[in-house]
Amino acid sequence: MKKPYFGRLLTAMVTPFNADGSINYEAGADFADWLLANGSDGLVVEGSTGEAATMDMDEKIKFMQTIVARVNGRAKIVAGAGTNCTASTIDLVKKMEACGVDGVLVVGPYYNKPTQEGYYQHFAAVAKATKLPIIVYNVPGRTGGNIAPETVARLAADFSNIVAIKEAAGNVAQTAELYRVLPEDFSIYSGDDGLILPFMSVGACGLISVLANVNGNLLQQLMQAYSEGRVKDAADINKVMVPLAKAMFIESNPIPIKAAVTKVTGIDAGAPRLPLTPISAAAEAKLDAALKAAGMIK
């Protein structure tokens, strides 16, 4: 199996907040250390799980600088840098580039619902504006539109710095088609923890993960087993992993995973910012049950 561009397991890390809703920069840096010591090959910072949508630009820059400084070259850092405006996406990518990140994750524009040509022109404009490697992020459940495999293949052919896709359409057949039409050195990352095993069977080479915020080692074990041809072992690990992955989406991401980080890691991730709300009592009971069943809390 080919080597993923940014490493096999990238954690879409949460952004810790203080009780007053401000960013806890020191906790964020400590959490980056924890993630790298617990299975993560690299970090995706300020993505959906990091609540980038409710961070202002000054916060985004300061938090990114904090994480880059703490990691200090020990792992790849990919910045979430997508908006639904091409001009503002380019501006954000340039600001993240100045922070010293190793790549950017650029989501398909949400709300606007562009055509396939619109997707192509959007990513083309971003690719022309930076030297950073770009991961295309396809997540129709959040954006309202699907980036077709042939559009991704066209971008990969035309721009050498478009190097990977985070595929979160939840469609194994589409992932198989991506593998068919994309170059051999193009990295396909699953954007869904619960689908990493079937996605790997049709060509995905890594995972951009929510669950890795609390259990990256389990995911590494699963992917290692499959890559070594120990398919039965991988399936058995998958039986443990899938209920955990589902528990992280009992309510909208990152509500459950922020609660899980606080429970499992000893680092207080705080509550999410509005319009997201703290985890409900019913959802927290289900989350605790899943974490206890996996032996992650008592």
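Fair warning: this is a prediction, and the values are worked out from it, not measured in the lab.

Give a description of helix α4 (residues 116-129) that names residues and reports values.
In a regular helix each residue adds 1.5 Å, so 14 residues correspond to 20 Å; α4 covers 20 Å between its end C-alpha atoms and thus fits that length. Buried within α4 are the following residues: Tyr119, Tyr120, His122, Phe123, Ala124, Val126 and Ala127. Looking at the buried side of α4, the elements it contacts are α3 (86-99), β4 (103-107), β5 (134-138), α6 (149-158) and β6 (162-167).

Can you explain the sheet that holds β6? Please cite residues and give values.
Read around the closed barrel, the 8 strands follow the order β1-β2-β3-β4-β5-β6-β7-β8; overall the barrel is parallel. In this sheet, adjacent strand axes meet at a mean angle of 25° when their direction is disregarded. Pairing analysis gives 3 bridges linking strand β1 (residues 9-12) to strand β2 (residues 42-45), with the strands arranged parallel. Looking at β2, one finds that alanine 12 is bridged to valine 44. Its contacts with the sheet place helix α7 (residues 172-181) against β5, β6 and β7 (187-190), and it is angled at close to 170° to β6.

Could you give an account of the side chain of aspartate 193, naming the residues involved and the relevant values?
Note on placement: aspartate 193 falls in the loop between β7 and α8 (196-201). Buried and without a salt bridge, aspartate 193 has lysine 166 as its closest oppositely charged side chain, separated by 8.7 Å. From its side chain, aspartate 193 meets the backbone nitrogen of leucine 211 in a polar contact 2.9 Å long. Residue contacts for aspartate 193: discarding those within four places in its chain leaves Leu207, Ser209, Val210, Leu211, Leu219, Met241 and Ala245.

Quick notes on the rules
Each chain has its residues counted from 1, running along the sequence as written. Given that this is a predicted model, residues contribute local features only at a pLDDT of at least 70 and side-chain atom pairs are listed and counted only at 80 or more, while totals for whole chains, interfaces and linings are drawn from all residues. Heavy atoms from the whole structure form the basis of all side-chain values; hydrogens and water molecules are not counted. Think of it this way: any DSSP run of H or I at least four residues long counts as a helix, any run of E at least two long counts as a strand, and we number them from the N terminus. The span one expects for a helix is its residue count, reduced by one, times 1.5 Å. Exposure is judged per residue with a 1.4 Å probe applied to protein chains only, and the accessible area is read against the type maximum: over 50% gives exposed, under 20% gives buried, and values in between give partly exposed. Between two residues, a contact is recorded if the distance between any of their heavy atoms is within 4.5 Å. Only strands that DSSP links by at least two bridges are regarded as paired with each other. Helix axes use the C-alpha atoms of the stretch in contact, all axes being lines fitted to C-alpha atoms, and the angles between their N-to-C directions lie in the range 0 to 180 degrees. By the counting scheme adopted, Arg and Lys are positive, Glu and Asp are negative, and His together with the chain ends is not counted. Just to be clear on terms, a salt bridge is a Lys or Arg side-chain nitrogen sitting within 4 Å of an Asp or Glu carboxyl oxygen. Contacts described as polar in this section are N or O atom pairs within 3.5 Å, which, within protein, must combine one atom able to donate a hydrogen with one able to accept it, while residues neighboring in sequence count only if both atoms come from side chains.

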